[in-house]
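As a plain string of letters, each chain reads:
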Amino acid sequence: MIKHIATASCVALLLASCDSLPFSGDDTETQTNTNQTNSSPVVMDATFTNGQFIASVSDADTPINQLTYTWYVGTEEIGTGSELMLSDVTVALSGTHNVRLVVSDGLNVSIETIHDVNFGSASNTGNTAPTISSANFNQNTKLLTAAAYDKETASSELSYEWSVDSQVIGRGASFNIDNSFVTLNGTKSVLLTVSDGDKTATRPVNNVNFGDDIDPTNAAPTISSATFNNNVLTAIATDDATGVNQLIYVWSVNSVEIGRDRIFNIDNSQVDLTGDQTVTLVVTDQGGKSASTTVVANFGTIVMPAGDESYSSLNDNYAQYDLFEIVNCGVNPTYIYGDYSSVTSASGASFGDTWNHIDSTTGQWAGIAKQPSDYAIATSLSSNAANCNNQSTLNNILVKKFGDWDMQHANGFNIIVPNDPTYADLNMLVMDIFVDSSNSVLPTPAEISATFGSVMSQSDINEMTDGQFHVDVQLTSDNAYSASIDLTLDVATQLDKWIRVEVPVQDMTFWQDVNYNRVGQNWADMKNMTVNTISFVAETKNRLVYRNYNQNGFDANTAPKLFKEQAIQIKYIEIIGSNQTNPTNNAPTVNIGSNQTVNVGQIVSINSNVNDVDGDNLDYQWKINNNNHSTSNNFSDSFDQAGNYDVSLSVFDGTVTTTETITIKVESVGSACAQSGTPVEMYGDLYTDGNKLKGCGGKDVQLRGMSMFWSQWSGQFYNSGVVDTLVDDWKVNAVRAAMGVDADAGYLDGGQAAELANVETMINAALNRGVYVIVDWHTHHGEDANIKSSAITFFEDIARRYGDNPNIIYEIYNEPLDVTWDAVLKPYAEDVIRAIRAIDPDNLIIAGTQNWSQEVDDAGRNPITNYPNIAYTIHFYACTHKDDIRANVQSAIDNNVVVFATEWGMSQANGGTNGTYPNTTNDNTICADETTKWLDLFDANNISWFNWSLIDKEESSAALKPGASVTGGWNPNSDLSPSGQWVRNKLRSY
């Protein structure tokens, strides 16, 4: 909980984002204006338990019953009193919110915050729709703006959506049409929809001019290829007017979008899919023209039932393989395969020597659904010495009797295993099977009860069925020793399709049949026994049948009869041996040539030269920066982003892998590399190269600029006038938008719309002036689950709307506290980066480091390697942080990572104040000598930096004096603080 003490007159300012809320530096909270003659109330505790808010308060001057208690969410009052039941809250709320308690004695107030109060699901009883008070378009600024209110929902929690012809073009109370999700031109009517989460209101904004078609002669893109390898969809496309990295790539299945980006990993699909799917790729240029193609992708396995066996769906067109395969027919000694020579066709009673259970002449089988011949092997199967293939699928209907009369309770078939292997010789049993539901009969529990209820208990009947298909697969030996697995096939997901089943032999159940009872055995005791056959039998749920023979006056003709009939087809069986090692194996040799230098968008072709003296079958795997790319012999692709890429080929011969790697240096060339102009025109896309930040044509880049203050307490400075002054007068080439996240009135504390608007204003101003902009997730608690998930959602939104602009830099965590890099911060960063990279594959991302972003050396020792273009944060305050912290920077540089100073001040670490909260004053102290040492280090190593901060507070780190203009145009002598004057002069000196 966060405590504040203030005068009663400042309550409104505390609940809104007021610029007088004086948080020192970046970290320390202070509050002034305390009445020195009256003691403030002291909130001893404020809790939310069992649906009730409870406050415990003391006051030296005022009786407790004369204090006033007011509870708020955002700026909305939700109730009063020292105790407040959730059911008495006056505003309709749902989900999780921070609740603020304000206690007043008439002169002073105390404020306490309870974080993450769950208001449950929205009931919306009596909920009214929002009211839109205004919706306008400004042609000069290109801004669509709206104002709305709602009786039950805080204004800050309303959602705003703008659309044209049912297509969403943007979101937010303020939206610049240049950032439209959809390419538009000419004059359109834009529909605004405002929602409170339950009900909506709409208002059109007419005559919105989206400008002329940017390319009236525009041709559609050309798609060179769309491929699928190792779970990755990859597209190569070109366009006459739009750069390759500006094209929009959309992948979909059955008209439902599954993801975007030229290279898309289907593990990140927005839709759950299995098996082979036809994926449609649509590539659209900035002029709205598009081209499409399709590619087949395999989305993997279905859900595996309980047990050691694994199941995976095979191609729906598996029937095209019309030969029953027994691979290699046992020629290779490391594999053992079935021989069907003992399986004969049958008419009525014959299934070889012992499987004569189905007999139409005896009453025990009366009632089976098919004719006896339907239960036989469909075609005579015998080993073919030439190619070991038989000309038919093995078809059979496996029958299980729920009652066992004359010890005849099931049919099935055997497959002889050649070469006399032992269990220890075997590793995996692999089968491709198909259960045909149209020719199968699965009795219901009610039917079983009706048939056997007079002779069996209901509990025993329940053990007979679970509504699923069961196939018992056995490996049998002499003396009735066996190993078996019960394959459970789900009726909802695994019937009427080809399923590959893989069973680890050692994980099967080992047993001996003693008078039709299974006696358990251990693999260790049976491992040296010879395996003779594979058997397939239908089973009940727990292998139970009613075995009462001819008792109770029953005989084979009069006994209760019910049958479980499972039509099964088999195309492929393989038993993989456990000895896979060839002691004479030679590793393959691989040569993929030498390093290359190419331009952005240029096709890179690499022809591999691979040799294997053993003649083994070889598997190829190409990777880019350790990420799987393709499995063909040769490599062909282009790169959208300048930088260095490690391209490797690994070749596996079944035993040994050989890997070769070369480096592809990708450079930006041509008109994108301007020799003069705005910083973005000169440097373009930024990328990391070792410990250096690079730009267009491999130029070294050092960004230098100002960081804004916490957005919720300084939003008045977030405007284009401030950016213009910083660019034109201070000569910055970048700005930092420090969006307050979880502190009072921040993005996650009732201020989402306002803070997003602040950030968007800075982004648009930076885009207009051609400078870079850091979008900073300004928090100290990013690893908290709610804050982390919100960060992912926030950066996904920014990436979708702005990620195509090279100006954008993502700072995903401002200043972590004392949490470790390896265990906390690196996993956090990788999760957020993964979400950004799924949308924006190349813009620079900056990761926060341990202990207020001072221990960058830890990140240098264990950097993020799964994703490209990552830098690491260093923060310092010159009067506090000196040689010891500079040593951390040098360590990271030595470990070849890019260090990026997104925030630094000339003051003490507390922002430059004297005294103890809440009675603090500006200490008017800056440390120019130490600052010079820091910037000399940065200049020598090409480290970018941003001074903290652009605010007019009474603290020495503030760049402006109190009362300075909020729209820029400052007089260097009268409006700037000593820090501001020093930093401005330094920026102008470059």
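Residues numbered from 1 in each chain as written. Predicted model: local features only at pLDDT ≥ 70, side-chain atom pairs only at ≥ 80, totals over all residues. Heavy atoms only, no water.

Visitor: What's the story with the overall build of the protein in this structure? I'm lost.
Guide: Within the protein, the regular secondary structure consists of 15 helices and 60 strands. Counting only residues that meet the buried cut, the protein has 52% of its 990 residues in that class. If you take every contact in the protein between residues at least 6 apart in sequence, the share linking residues at least 24 apart comes to 70%. Here the protein displays about 40700 Å² of accessible surface, and carbon together with sulfur accounts for 44% of that area. (Helix = DSSP H or I, 4+ residues; strand = E, 2+ residues; numbered from the N terminus. Buried < 20%, exposed > 50% of the residue type's maximum accessible area, 1.4 Å probe, protein only. Contact = heavy atoms within 4.5 Å. Areas by Shrake-Rupley, 256 points an atom, 1.4 Å probe, with all protein chains shown as cover.)

Visitor: Can you walk me through the nonpolar core in this structure?
Guide: Considering soluble globular proteins, one finds that nonpolar side chains tend to be buried as a cluster. Judged by nonpolar contacts, the single largest core of 89 residues is most densely connected at W777, F795, I812 and L950. In this structure, L950 is in contact with M706, S707, M708, F709, F717, V722, L726, A959, L960 and W970, ignoring residues within four places of it in sequence. The next biggest cluster of nonpolar side chains, apart from the first, holds 30 residues, and it includes L429, V473, F510 and M526. (Core = buried A, V, L, I, M, F, W, Y, C linked by side-chain atoms within 4.5 Å.)

Visitor: Would you mind going over the pairing of strand β19 (residues 232-238) with me for this structure?
Guide: Across a regular strand the side chains alternate sides, sitting on one face of the sheet and then on the other. Taken across its seven residues, β19 has six buried, putting it largely inside the fold. Strand direction decides the pairing type here: strand β18 (residues 222-229) and β19, joined by seven bridges, are antiparallel. Bridge assignment links T222 to a residue of β19, and that residue is T238. (Pairing = 2+ DSSP bridges.)

Visitor: Please clarify how the environment of D939 should be interpreted in this entry.
Guide: Position of D939 among the secondary structure elements: in helix α14 (residues 928-940). Once the C-alpha coordinates of D939 and Q702 are considered, the two residues, 237 residues apart in sequence, prove to be 8.0 Å apart.

Visitor: Just to check I follow, could you spell out the state of the cysteines for this structure?
Guide: Each disulfide consists of a covalent bond between the sulfur atoms of two cysteine residues. For the coordinates displayed, the defined rule picks out one disulfide. Note that C879 is cross-linked by a disulfide to C927, the S-S spacing being 2.0 Å. Taking the sign of the torsion about the S-S bond as the criterion, the disulfide between C879 and C927, at about 110 degrees, is right-handed. Taken together, the residues C879 in the loop between β56 (870-877) and α13 (883-894) and C927 in the loop between β59 (919-922) and α14 connect sequence positions 48 residues apart. C879 sits in the buried class, given a relative accessible area of 17%. (Disulfide = S-S within 2.5 Å.)

Visitor: How do you make sense of the side chain of R837 when you look at a structure like this?
Guide: Along the chain, the position of R837 falls in helix α10 (residues 821-837). At 2.9 Å, the side chain of R837 forms a polar contact with the backbone oxygen of P868. Those residues in contact with R837, other than ones at most four positions away along the chain, are D261, D842, N843, I845, Y867, P868, N869 and I870. (Polar contact = N/O pair within 3.5 Å; in protein donor to acceptor, adjacent residues only side chain to side chain.)

Visitor: How should I be thinking about the packing of helix α8 (residues 752-769) against helix α9 (residues 785-802) in this particular structure?
Guide: In contact at an axis separation of 13 Å, α8 and α9 are set at 30 degrees when each is read in the N-to-C sense. Judged on the interaxial angle alone, α9 and α8 are roughly parallel. Here the hand of the crossing between α8 and α9 comes out right-handed. Contact with α8, carried on its side by L756, E760, I763, N764 and L767, involves F794, D797, I798, R801 and Y802 of α9 and no other residues of that element. Split into classes, the residues belonging to the contact of α8 with α9 amount to six nonpolar, one polar and three charged. (Axes fitted to C-alpha atoms, helices over the stretch in contact; angles between N-to-C directions. Parallel < 35°, antiparallel > 145°, perpendicular 65-115°, else oblique. Left-handed = near helix turned anticlockwise from the far one by under 90°. Nonpolar A, V, L, I, M, F, W, Y, C, P; charged D, E, K, R; others polar.)

Visitor: I would appreciate a short explanation of the environment of T658 in the present structure.
Guide: Along the chain, T658 turns up in strand β48 (residues 657-667). For T658, a relative accessible area of 16% gives the class buried. Among all residues touching T658, those that are not within four sequence positions of it are A587, P588, V590, L649, S650 and V651. A distance of 2.7 Å separates the side chain of T658 from the backbone oxygen of P588, its partner in a polar contact.

Visitor: What should I look at first to understand the packing of helix α7 (residues 720-728) against α8 in this one?
Guide: To describe two helices that pack against each other, one gives the angle between their axes and the distance between the axes. In contact at an axis separation of 9 Å, α7 and α8 are set at 40 degrees when each is read in the N-to-C sense. Considered as vectors, α7 and α8 are oriented oblique to each other. As α7 runs across α8, the sense of the crossing is right-handed. Counted together, S720, V723, D724, V727 and D728 of α7 and M762, A765 and R769 of α8 form the full contact between these two elements. The residue makeup of the contact of α7 with α8, split by class, is four nonpolar, one polar and three charged.

Visitor: Just to check I follow, could you spell out the sheet that holds strand β55 (residues 845-847) for this structure?
Guide: In a beta sheet, neighbouring strands pair by backbone hydrogen bonds and run either parallel or antiparallel. Read around the barrel, eight strands follow the order β51-β52-β53-β54-β55-β56-β57-β60 and close on themselves; strand pairing throughout is parallel. On average, each strand axis in the sheet is tilted by 25 degrees relative to the strand beside it, whichever way the strands run. Here α10 sits on the sheet in contact with β53 (772-778), β54 (808-811), β55 and β56, set at roughly 165 degrees to β55.

Visitor: Explanation requested: helix α15 (residues 978-988) in the structure shown.
Guide: Since the α-helix advances by 3.6 residues per turn, residues separated by three or four positions end up pointing in the same direction. Listed in full, the buried residues belonging to α15 are S979, G980, V983, R984 and L987. For α15, the arc enclosing every buried residue in end-on projection is 125 degrees, short of the 170-degree limit, so these residues lie on one face. Close packing links the buried residues of α15 with β51 (704-708), β57 (898-905) and β60 (944-950). (Arc of directions from axis to C-beta.)

Visitor: What exactly am I supposed to notice about the pattern of salt bridges here?
Guide: For side chains of opposite charge, pairing can occur when their charged atoms come near one another. The final tally for this structure, using the stated rule, is 23 salt bridges. Salt-bridge contacts for R736 lead to D776; the nearest nitrogen and oxygen are separated by 3.0 Å. With R736 in strand β52 (residues 734-740) and D776 in strand β53, this pair connects stretches of sequence that are 40 residues apart. For the pair shown, R736 and D776 are each scored as buried. For R861, the salt bridge is made with D858, and the minimal N-O distance between the two is 2.5 Å. Placement of both R861 and D858 in helix α12 (residues 856-861) is noted, with a separation of three residues, approximately one turn of the helix. (Salt bridge = Lys/Arg side-chain N within 4 Å of Asp/Glu carboxyl O.)

Visitor: Would you mind going over the pairing of β51 with me for this structure?
Guide: Burial analysis of β51 places five of its five residues in the buried class, which makes it a mostly covered element. Pairing between β51 and β52: three bridges, direction parallel. Among the inter-strand pairings, S707 is bridged to a residue of β52, identified as R736.

Visitor: Just to check I follow, could you spell out the confidence of the model for the protein for this structure?
Guide: Low pLDDT marks stretches whose predicted atomic positions should not be read closely. Mean pLDDT for the protein: 77, with 78% of residues reaching 70 or above. Mean pLDDT per element in the protein: strand β27 (residues 335-336) is the minimum at 28, and β54 is the maximum at 98. (pLDDT = per-residue confidence, 0-100.)

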